[in-house]
Protein chains: 2
Amino acid sequence: MPRQDQQNKQIRDERRAQILQAALRVFARRGMVAAKISDIAKEAGLSHGLVYHYFKSKEEIFMTLVQKALDSSLNVIHYAHERVGTHLEKLRWMTEQIIKSIDNGDEILLFLIMIQASTSDIVSEEVKEMLTGEHAVSPVMATIPLIVEGQKVGEIKQGDPVQLAVTYYAFIQGLAINRIQWEGCPMPEANLIMNIFKKTP
Amino acid sequence: MPRQDQQNKQIRDERRAQILQAALRVFARRGMVAAKISDIAKEAGLSHGLVYHYFKSKEEIFMTLVQKALDSSLNVIHYAHERVGTHLEKLRWMTEQIIKSIDNGDEILLFLIMIQASTSDIVSEEVKEMLTGEHAVSPVMATIPLIVEGQKVGEIKQGDPVQLAVTYYAFIQGLAINRIQWEGCPMPEANLIMNIFKKTP
DNA sequence: GTCTATAACGAGATAGAC
DNA sequence: GTCTATCTCGTTATAGAC
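Residues numbered from 1 in each chain as written. Chains lettered and ligands numbered in written order. Predicted model: local features only at pLDDT ≥ 70, side-chain atom pairs only at ≥ 80, totals over all residues. Heavy atoms only, no water.

UniProt tags residues 36-55 of chain A as "DNA-binding region" (unreviewed entry). In the segment residues 36-55 of chain A, helix accounts for 75% and strand for 0%; the C-alpha atoms at its two ends are 14 Å apart. (UniProt positions renumbered as here; feature names shortened; annotations may be inferred. Helix = DSSP H or I, 4+ residues; strand = E, 2+ residues; numbered from the N terminus.)

This part is about the UniProt feature "domain: HTH tetR-type" (unreviewed entry) in chain A. Taking the UniProt record as the reference, the feature "domain: HTH tetR-type" (unreviewed entry) is found at residues 13-73 of chain A. Strand forms 0% of residues 13-73 of chain A and helix 80%; the C-alpha atoms that close the span are 23 Å apart.

In this section: the protein's contact with DNA strand C. Taken together, 16 residues lie near DNA strand C, and Tyr52 of chain A together with Arg12, Arg15, Ser47 and Tyr54 of chain B sit nearest. Expressed as a percentage, the sugar and phosphate content of the atoms of DNA strand C within 4 Å of the protein is 72%. Take Lys36 of chain A: an N or O atom from its side chain is 3.0 Å from a phosphate oxygen of DNA strand C. In the environment of DNA strand C, a phosphate oxygen lies 2.9 Å from a nitrogen or oxygen atom belonging to the backbone of Ser47 of chain B. Those elements that provide at least two residues to the surface near DNA strand C are α3 (48-54) of chain A together with α1 (3-30) and α3 (48-54) of chain B. Counting residues per element, the surface near DNA strand C draws most heavily on α3 of chain B, at 4 residues. Counted by class, the surface near DNA strand C contains 7 nonpolar, 5 polar and 4 charged residues. (Near = heavy atom within 4 Å. Polar contact = N/O pair within 3.5 Å; in protein donor to acceptor, adjacent residues only side chain to side chain. Nonpolar A, V, L, I, M, F, W, Y, C, P; charged D, E, K, R; others polar.)

Shown next as structure tokens:
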């Protein structure tokens, strides 16, 4: 690969990342429809037209971000599975990671993107497919094995594991929403959330 | 008041309610910006132009709904205060009511409106004022006295009451989101949520 | 009170210059 | 690779007929 091409590739990768970063901020706070390409361009510090050089459409940018958000949430579950310790400890570690990501920086915006994508009617069929399609894997589904295993060995209280997982993610998403509504609101300890899984005497 | 005028007033009240009901459905699922006046008109079964006969703008419709959502959430807290029983029982009753309203009908859509209004940048200053203005009362704030009283008499675990309230509403909002994402998802018992307030031995 | 027709405007997407 | 100018279309909001 000629030297010039490598430099070009680097520029292209940079610009793409730059646009995605800007789009994340704009989409998360304004929503897919209200977000204007010119908003994204301005946030990224480049021209309106250039955005279309790197992405086919606004929809494509949004889809890319939804994919990123989904990957990110599945990743932390994956790492939790691989940790050493009890199932409850794995879940606690995962919860701590999630709270951290809600608590600082732009990572929380990925939650908002996910919530928008999964509660809104306006998303394209492709996005819906990613979230609820035939071979789509949702965070809830990916977490269930961990819960079931924990129940088998008696670390986690009995009951429908699906309901436990749903409740857990309801909590997580609610925290992200709350954090946006009230920046600097006090975040609960991971332990408080873990009470969901513990036996009540 | 002449007979004719009374009939007219009734028609006007009906139409207004009809439009608001339709707007609630459309706004909740598409968002304030993506929702088209023609969508609302179609859902309400009347013409595009008539909507503007009853409301000055799309913004005004949205604002009216935000106010309704806010009133509704404060009302249930108010009733909880007035009930007989321990503070924990009041909170449990309130939680049951909220879960019921999330679980069926269009009431859940009011939660979505509130969440949209409070997480989005696109809402007008007037709406922001309603939610976070000088003499605005948020559900979190309205619930804190109940928690503080419960802590005084030892029914509720110690700790920052603001944090407890935030956590509680995070949970509630998360449940509403979850319910939209997955219609028919299993809803947790009110008791599960009450664990937030209970002392952990 | 209700409708249809239309004015006015803004935003997504493209073309083509540099 | 980057920008500005422009095309095009859909939507809000209004005007005026019934």
